[in-house]
Amino acid sequence: MPDNSGSTPPDLMTEQAYQALIAQLRDGRLGSGTFLSMPVLVKQLELPMAAVRDAVKRAEAGGLVSVIPKRGVMIMDAGPDTTRECMELRMVFDCEGARRLIEQSEHIPLAALRDAHEELRDAAQTQMSPELTLRAITTDLSLHNALAAGNTSPLATRLYTENRERISIIQNTRPFLANRIASAMEEHLTIISALEARDTEATLTAIRTHLRSTLVWWGIPD
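Cut-offs applied
Residues numbered from 1 in each chain as written. Predicted model: local features only at pLDDT ≥ 70, side-chain atom pairs only at ≥ 80, totals over all residues. Heavy atoms only, no water. Pairing = 2+ DSSP bridges. Helix = DSSP H or I, 4+ residues; strand = E, 2+ residues; numbered from the N terminus. Contact = heavy atoms within 4.5 Å. Axes fitted to C-alpha atoms, helices over the stretch in contact; angles between N-to-C directions. Core = buried A, V, L, I, M, F, W, Y, C linked by side-chain atoms within 4.5 Å. Buried < 20%, exposed > 50% of the residue type's maximum accessible area, 1.4 Å probe, protein only. Parallel < 35°, antiparallel > 145°, perpendicular 65-115°, else oblique. Left-handed = near helix turned anticlockwise from the far one by under 90°. Nonpolar A, V, L, I, M, F, W, Y, C, P; charged D, E, K, R; others polar.

**What about the sheet that holds strand 2 (residues 65-68)?**
Taking strand neighbours across the sheet as the criterion, the three strands line up as 1-3-2 in an open arrangement whose pairing is antiparallel. At either margin of the open sheet sits one strand with a lone partner, and together these are strand 1 (35-36) and strand 2. As defined by bridge partners, strand 2 adjoins strand 3 (residues 72-75) across four bridges and the pair is classed as antiparallel. Within strand 3, the residue paired with Ser66 across the bridge is Met74. Sheet strands touched by helix 3 (residues 49-61): strand 2 and strand 3. Its angle to strand 2, the strand with the most contacts, is close to 120 degrees.

Below, the structure written as structure tokens:
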């Protein structure tokens, strides 16, 4: 069993274990439906058992994993029902965040967001590569993070962050294809245009349309 604790405080070690777990959930090394015994997970994260156990408890509270007593850990299932629930919850955060940002005239880095989305859309129309898929995930997330920033309460921030990590697991089971990158960026650009116009109703409509298109693309019934 790895013992990298040294003189590191337990709380810090637990945070390191949690961040290591999140990193492997995000990049797909720990994929949806994967089962691991606790010793195997400890070896994979290369951190002490106590810290990993506490990190798993935190991840379970956020719906990222399930602990199976005396057996191990199961990574979140990314099936249709879970996917729909997570995407609909993100839409709620997007809509409320957008509404607040517009009503309070908060600054949103729309020019930078537009440039990144247009560049990715154009690239997807000419070439496809693993690097482009990673860019798509990052660019997609940049707009949703900007919208969610309108929800400023600590509770809303925590819930959004937990749901964002669940969606990262989902996205690893449904990788971006070139056609979807291009269409998703167009949908995002429609949202950005509505935000630029400070048009609340148009923004909310564009967000809802984006959700429906995503679910249809993934073959999840409305």
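Don't stop here, the text continues.
**With respect to the nonpolar core**
Counting 52 residues, the largest nonpolar core has Leu25, Met38, Leu41, Val52, Leu64 and Leu195 as its most contacted members. Take this core: its biggest share by element is seven residues, from helix 4 (residues 80-103). Setting aside anything within four residues of it in sequence, one finds Leu64 in contact with Tyr18, Ile22, Leu25, Ala59, Ile75, Met76, Glu162, Glu165, Arg166 and Ile169. Judged by nonpolar contacts, the second largest core, of 10 residues, contains Ala124, Ala136, Phe176 and Met185.

**Remarks on the packing of helix 8 (residues 178-196) against helix 9 (residues 200-217)**
The interhelical angle for the contact between helix 8 and helix 9, taken along N-to-C directions, is 165 degrees, at an axis separation of 8 Å. Taken together, the axes of helix 8 and helix 9 lie roughly antiparallel to each other. As for how helix 8 packs across helix 9, the hand of that crossing is left-handed. Residues Asn179, Arg180, Ala184, Glu187, His188, Thr190, Ile191, Ala194 and Leu195 of helix 8 pack against Ala202, Thr203, Ala206, Ile207, His210, Ser213, Thr214 and Trp217 of helix 9. Split by residue class, the contact of helix 8 with helix 9 holds eight nonpolar, seven polar and two charged.

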